[in-house]
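# A structural walkthrough
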Amino acid sequence: MTQSGAQGCTLLLAGCGKMGGAMLDGWLKAGIASSVAVVEPSGLPESLRGNPAVVLVSGPDALPAGFAPDVVVLAVKPQVMDTVLPAYRALVRPGTVFLSVAAGKTIASFESALGESALGESALGKSALGEGAAIVRSMPNTPAAIGRGMTVAVGNPVVTEAQKALCDSLLRAVGDVAWVEDESLLDPVTAVSGSGPAYVFLMVEAMAKAGEAAGLPAELAMRLARATVAGAGELLHQSPTDAADLRKAVTSPNGTTQAALDVLMAGDGIQPLLDRAVAAAARRSRELAK
Ligand SMILES: NC(=O)C1=CN([C@@H]2O[C@H](COP(=O)(O)OP(=O)(O)OC[C@H]3O[C@@H](n4cnc5c(N)ncnc54)[C@H](OP(=O)(O)O)[C@@H]3O)[C@@H](O)[C@H]2O)C=CC1
Ligand SMILES: O=C(O)[C@@H]1CCC=N1
């Protein structure tokens, strides 16, 4: 690995499904990793076959000779993580950081499965002595596939500044990144940005159905709903104006938007529904820890 960020780093990806595959797509597009080994029972996705930077391996014990990953990305389902991890213990060494994207799985559970650190204080010292695994728990989202992800991350004390910078460069290559100190925030983070794209896609489905009910042909209704959410998202992305003001800019006094918002915002509006949805997702994230 070069000293500046992730350019040229070696990666081992465990689980190349929807999230692992999306991030790897993003990393390859960004040219961020020079060499990637993938453990994926279903094989490499079509898009990665024949890519000279990517090799499919049957497990962490079958890496190409001399392949020592800078980063092991753990992107299997939370439900199988505990059975998958023991095979990765052999990769715990000072030069390797484990980057989990799994919902709910706590740093403590990774420390326990990969080998707990004996010392409690100096992160740099522990890593240098090779005691304990360097672990970053993160929660990305699938827009990472197009470089527009949002990831929140937290590291354990074994993670060195260089490893944090490496993970930051990887995550930043596929979108925005926020680091937090308090790991418990990862549950509500998962509920807002990890799962959030699904809420927006549901909104598109519902808008399209409502358009159909109002008389539009199905194909046109979906095209309008999709383009509207994508365009509004891009406007949010590019404009410094906050969401409430962007909404007000669409809303002419006594116009059509006002008529619709009077329905959507009647009483407490959609807020209680979203409160309940986000709380349910955060609760599920905490359950997945067990
Ligand atoms: N999807 C999303 O939007 C997000 C997901 N995540 C997290 O990402 C992780 C993966 O989720 P997602 O991508 O949706 O799920 P997927 O099922 O799409 O991906 C998981 C992949 O892991 C594979 N797998 C199973 N066992 C192993 C193993 N022993 N070694 C290596 N790979 C294995 C699965 O293969 P097979 O199907 O053959 O079993 C599957 O392809 C989860 O922990 C989830 O919480 C985080 C943020 C967002
Ligand atoms: O639904 C899930 O559990 C995963 C985590 C966040 C998004 N997808």
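Definitions and cut-offs
Note on numbering: residues in each chain are counted from 1, in written sequence order. Numbering of ligands from 1 and lettering of chains from A proceed in the order in which they are written. With the structure being a predicted model, the display of local features is reserved for residues of pLDDT at least 70 and the display and counting of side-chain atom pairs for 80 or more, all residues being used for whole-chain, interface and lining totals. Computation of side-chain values covers all heavy atoms of the structure but excludes hydrogens and water. For the purposes of this description, domain bounds are those given by an automatic or database domain assignment. Any two residues whose heavy atoms approach within 4.5 Å are treated as being in contact. By buried area we mean how much accessible surface two parts lose on assembly, using a 1.4 Å probe and totalling the loss over both. What makes a salt bridge here is a side-chain nitrogen of Lys or Arg within 4 Å of a carboxyl oxygen of Asp or Glu, nothing more. UniProt positions are given in the numbering used here, feature names are shortened, and annotations may be inferred rather than shown by experiment. A run of H or I in DSSP becomes a helix once it reaches four residues, and a run of E becomes a strand once it reaches two; helices and strands are each numbered from the N terminus. Here a residue is considered near a molecule or strand provided that any single heavy atom belonging to it is located within 4 Å of it. Areas reported here follow the Shrake-Rupley algorithm with a probe of radius 1.4 Å; residue values treat only the protein chains shown as occluding. Using a 1 Å grid laid over the protein atoms alone, points where a 1.4 Å probe fits but cannot get out form a cavity; open sets with protein on both sides within 12 Å along at least 5 of 7 lines form a pocket; any residue with an atom within 4 Å of a point counts as lining. More than half of a molecule's atoms within 2 Å of the grid points is what it takes for that molecule to sit in a cavity or pocket. Note: two strands are recorded as paired if DSSP finds a minimum of 2 bridges between them. Axis angles are defined between N-to-C directions and span 0 to 180 degrees, where every axis is a line fitted to C-alpha atoms and, for a helix, only to the segment in contact. Relative accessibility decides the category of a residue: with a 1.4 Å probe and only protein chains considered, values under 20% of the type maximum give buried, values over 50% give exposed, and everything between is partly exposed. Grid points are joined across faces, edges and corners, and a volume is the space filled by probe spheres set on the points. In this classification, the charged set is Asp, Glu, Lys and Arg, the nonpolar set is Ala, Val, Leu, Ile, Met, Phe, Trp, Tyr, Cys and Pro, and all remaining amino acids, among them Gly, are polar. Put simply, a nonpolar core is a bunch of buried Ala, Val, Leu, Ile, Met, Phe, Trp, Tyr and Cys residues held in one set by side-chain atoms that sit within 4.5 Å of each other. Whenever two N or O atoms come within 3.5 Å, that pair is a polar contact, provided that in protein one can donate a hydrogen and the other can accept it, and provided that, for residues adjacent in sequence, both atoms are side-chain atoms.

One frequent convention defines the size of an interface as the accessible area lost when the parts assemble. What the domain assignment lists for the chain is domain 1 (9–183) and domain 2 (196–288). Computed over C-alpha atoms, the centres of domain 1 and domain 2 are 33 Å apart. The interface of domain 1 with domain 2 comprises ten residues on the first partner and seven residues on the second. Three residues, Q79, G104 and R148, lead the burial of domain 1 against domain 2; their summed loss comes to 57% of the area buried on that side. On the surface where domain 1 and domain 2 come into contact, there are one salt bridge.

This part covers the UniProt feature "domain: Pyrroline-5-carboxylate reductase dimerisation" (unreviewed entry) in the chain. The UniProt record annotates "domain: Pyrroline-5-carboxylate reductase dimerisation" (unreviewed entry) at residues 183–288. The straight-line gap between the two end C-alpha atoms of residues 183–288 is 14 Å; of that span, 78% is helix and 0% is strand.

So, about the site of ligand 2. Taken together, A103, G194 and S195 make up the full set of residues adjacent to ligand 2. Coverage of ligand 2 by the protein amounts to 47% of the 240 Å² it exposes when considered alone. Its atoms largely coinciding with the cavity grid, ligand 2 occupies the second largest pocket.

We now examine the sheet that holds strand β6 (residues 134–139). Backbone-to-backbone hydrogen bonds pair the strands of a sheet. The strands run either parallel or antiparallel. Read from one edge of the open sheet, eight strands run β3-β2-β1-β4-β5-β6-β7-β8, paired in mixed fashion. The two strands at the open ends of the sheet, each matched to only one other strand, are β3 (54–57) and β8 (175–179). Pairs of neighbouring strands in the sheet enclose a mean axial angle of 25 degrees, with direction left out of account. In this sheet, β8 lies alongside strand β7 (residues 149–155) in parallel orientation, the contact comprising five bridges. Within the sheet, the bridge partner assigned to T151 lies in β8 and is V177. Strands β4 (71–74), β5 (97–100), β6 and β7 of the sheet are contacted by helix α3 (residues 107–114), whose axis makes an angle of about 145 degrees with β6.

Among the eight residues that make up α3, six are buried, leaving the element largely enclosed by the rest of the structure. Turning to α3, the residues buried within the fold contact β4, α2 (78–84), β5, β6 and β7.

If a probe the size of a water molecule is rolled over the atoms, the empty space left behind becomes visible. One number sums up the size of the second largest pocket: a volume of about 880 Å³. Looking at the lining of the second largest pocket, the elements that each hand over two or more residues are α1 (18–29), α2, α6 (186–194), α7 (196–213) and α11 (271–288). Of the residues contributing to the lining of the second largest pocket, the split by class is 22 nonpolar, eleven polar and four charged.

Time to look at the nonpolar core. The biggest cluster of nonpolar side chains holds 35 residues, and the ones touching the most others in it are L11, L24, W27, V38 and V71. Those elements giving two or more residues to this core turn out to be β1 (9–14), α1, β2 (33–39), β4, β5, β6 and α5 (161–172). Of the residues forming this core, the biggest block, five residues, is contributed by α1. Residues within four places of V38 in sequence aside, it is in contact with L13, C16, L24, L44, V54, V55, L56 and V57. Counting residues in each nonpolar core, the second largest holds 27 residues, with L85, Y88, L114 and L186 among its members.

The next subject is the site of ligand 1. Near ligand 1 you find 19 residues, and of these K18, M19, E40, S42 and V76 are the closest. Contacts to ligand 1 include E40, whose side-chain N or O atom sits 2.7 Å from an oxygen atom. Between A103 and ligand 1, the recorded distance is 2.9 Å, taken from a backbone N or O atom to an oxygen atom. Computed on the free molecule, ligand 1 has an accessible area of 880 Å², of which 74% lies beneath the protein chains in the complex.

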